[in-house]
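Listed here are the chains, written in short residue letters.
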Amino acid sequence: MIKGAVFDMDGLMFDTENLTYRAWQKAMDDAKIPYSFEIYKKTIGKRTAEVQKFYKALYGEGFDYQSLRSAGNRYFSDEIQKNGVPVKRGLYNILKFFRDNSVKIALATSSSRAYAVEMLKKAKVESYFDAYICGDTVKNGKPHPEVFLTAAKALDLSKDDCIVFEDSLTGVDAGINAKMRVIMIPDFIKPDDERKAKLFGLFDDLEQARDFLLNTYF
């Protein structure tokens, strides 16, 4: 039985990972710092402090993370302002499906609460969520299971009654470590065979995931 659904945000609900990469690439190009998508991929699903640590380890302690992040954020914000939040296929349908079937919904993201709430409001989906668990409200980032276990608790549900939706390997590992059922909708990176064997479901988009749950549980 499914009583709760726990959603990651960037890369799963919103097509923002590609936009974030382009923002970082522009900021790095402007600063004449070598950068690539392969480098960016190593930061997906991580919290800000972890990303900063990664870049400083790669480029040295003199790397001005805050300045470059601010430059990238300006590009990101300008794109969202001009074109709106890029919503992934099936998001609105699966959220409505859960609400219509009295399934509680939580957000479990590595991003900050301020950013997450802003994005949910801009995409007009904030009313679907019963709880927000964000990177700045938990001690441990993914792949630690804390964010998903905290989300289940915030919904006043057992982890066994919840299903996790993720796009990144780090997030999938967090859900698996929480011993929760995990549905993966890959964004940039596909799961390896070991992870595939542990997934509850693997789909191209949220519309396919909704159809699977409809035919299996409802």
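The following refers to the structure shown.

Conventions adopted
Residues numbered from 1 in each chain as written. Predicted model: local features only at pLDDT ≥ 70, side-chain atom pairs only at ≥ 80, totals over all residues. Heavy atoms only, no water. Helix = DSSP H or I, 4+ residues; strand = E, 2+ residues; numbered from the N terminus. Buried < 20%, exposed > 50% of the residue type's maximum accessible area, 1.4 Å probe, protein only. Lys, Arg positive; Asp, Glu negative; His and termini not counted. Salt bridge = Lys/Arg side-chain N within 4 Å of Asp/Glu carboxyl O. Polar contact = N/O pair within 3.5 Å; in protein donor to acceptor, adjacent residues only side chain to side chain. Contact = heavy atoms within 4.5 Å. Expected span 1.5 Å × (residues − 1). Pairing = 2+ DSSP bridges. Right-handed = clockwise from strand over helix to strand, strands pointing away.

### Quick notes on the side chain of Glu-146
Examined against the element boundaries, Glu-146 turns out to sit in helix H7 (residues 146–154). Here Glu-146 sits buried without a salt bridge, and the closest side chain of opposite charge, Arg-47, lies 6.1 Å off (N-O distance). At 2.7 Å, the side chain of Glu-146 and the backbone nitrogen of Asn-140 are in polar contact. Those residues in contact with Glu-146 that sit more than four places away from it in its chain are Val-138, Lys-139 and Asn-140.

### A short note on helix H1 (residues 17–30)
Across its 14 residues, H1 extends 20 Å between first and last C-alpha, which sits within 8% of the 20 Å expected from 1.5 Å per residue. Buried-residue contacts for H1 involve helix H2 (37–41), helix H3 (48–59) and helix H4 (65–83). Of the residues one or two after H1, Lys-32 is the one with positive phi, at around 60°.

### Let's talk about the side chain of Lys-142
With respect to the helices and strands, the residue Lys-142 is situated in the loop between strand S3 (131–133) and H7. For Lys-142, a relative accessible area of 4% gives the class buried. There is a polar contact of 3.0 Å between the side chain of Lys-142 and the side chain of Asp-8. Within the structure, the side chain of Lys-142 is placed 3.2 Å from the backbone oxygen of Ala-108, a separation counted as a polar contact. Setting aside chain neighbours within four positions, we find Lys-142 in contact with Asp-8, Gly-45, Glu-50, Ala-108, Thr-109, Ser-110, Val-147, Phe-148, Glu-166, Thr-170, Gly-171 and Ala-174.

### Points about the pairing of strand S4 (residues 162–166)
For S4, the buried fraction is high: five of the five residues fall into the buried class. Residues of S4 alternate between two faces, with Cys-162, Val-164 and Glu-166 on one and Ile-163 and Phe-165 on the opposite face, all of them buried. In terms of strand pairing, strand S1 (residues 4–7) meets S4 through four bridges, oriented parallel. Bridge pairing in S4 links Gly-4 to Cys-162. Two elements, S4 and strand S5 (residues 181–184), share four bridges in a ladder whose sense is parallel. Within S5, the residue paired with Phe-165 across the bridge is Ile-183. For the segment spanning S4, helix H8 (residues 169–177) and S5, crossover handedness is right-handed.

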